[in-house]
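# Architecture and fold: a report
Letter by letter, the chains look like this.
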Amino acid sequence: MKLVTLTAIAMFAASPVLADSATTEQAKADYHQAKADAANAQIQTNVSTAQADQQQARAAQAQAAQDAAADRADAARDAVRSGY
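## Section: the overall build of the chain
If you tally the helices and strands in the chain, you get one helix and zero strands. When each of the 84 residues of the chain is scored for burial, the buried share is 0%. Of the roughly 7200 Å² of accessible surface on the chain, 62% is carried by carbon and sulfur atoms.

## Overview of the pattern of salt bridges
Note on pairing: side chains with opposite charge can pair once their charged atoms come close. Going through the model one piece at a time under the given rule, you end up with two salt bridges. Residue Glu25 pairs with Lys28 through a salt bridge whose shortest N-O separation is 3.8 Å. Remark: Lys28 and Glu25 occur in helix H1 (residues 2–81); sequence separation between them is three residues, near one turn of the helix. Under the relative-accessibility criterion, Glu25 is labelled partly exposed at 46%. When its relative accessible area of 44% is taken as the criterion, Lys28 is described as partly exposed.

Cut-offs and rules
Residues numbered from 1 in each chain as written. Predicted model: local features only at pLDDT ≥ 70, side-chain atom pairs only at ≥ 80, totals over all residues. Heavy atoms only, no water. Helix = DSSP H or I, 4+ residues; strand = E, 2+ residues; numbered from the N terminus. Buried < 20%, exposed > 50% of the residue type's maximum accessible area, 1.4 Å probe, protein only. Areas by Shrake-Rupley, 256 points an atom, 1.4 Å probe, with all protein chains shown as cover. Salt bridge = Lys/Arg side-chain N within 4 Å of Asp/Glu carboxyl O.

Functional significance is not addressed by these values, which are geometric in nature.
Structure, rendered in structure tokens:
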């Protein structure tokens, strides 16, 4: 009976230590997961920024093409009006 009592007392005494260890390990895992999530978010931000830059470049090219076409149309209209 004394052995059972001593074992129970030892288990209750060790519980906080085991719980603290598990909590510490979970906190470490959470920390590393948060760091990984932050790194992935930064990568996604970089990719999105690069894509936005590409789209801006394409828009500038399209605007330049539109301006050139408008200039050609103006020149053609002026040529027709002047009789070539």
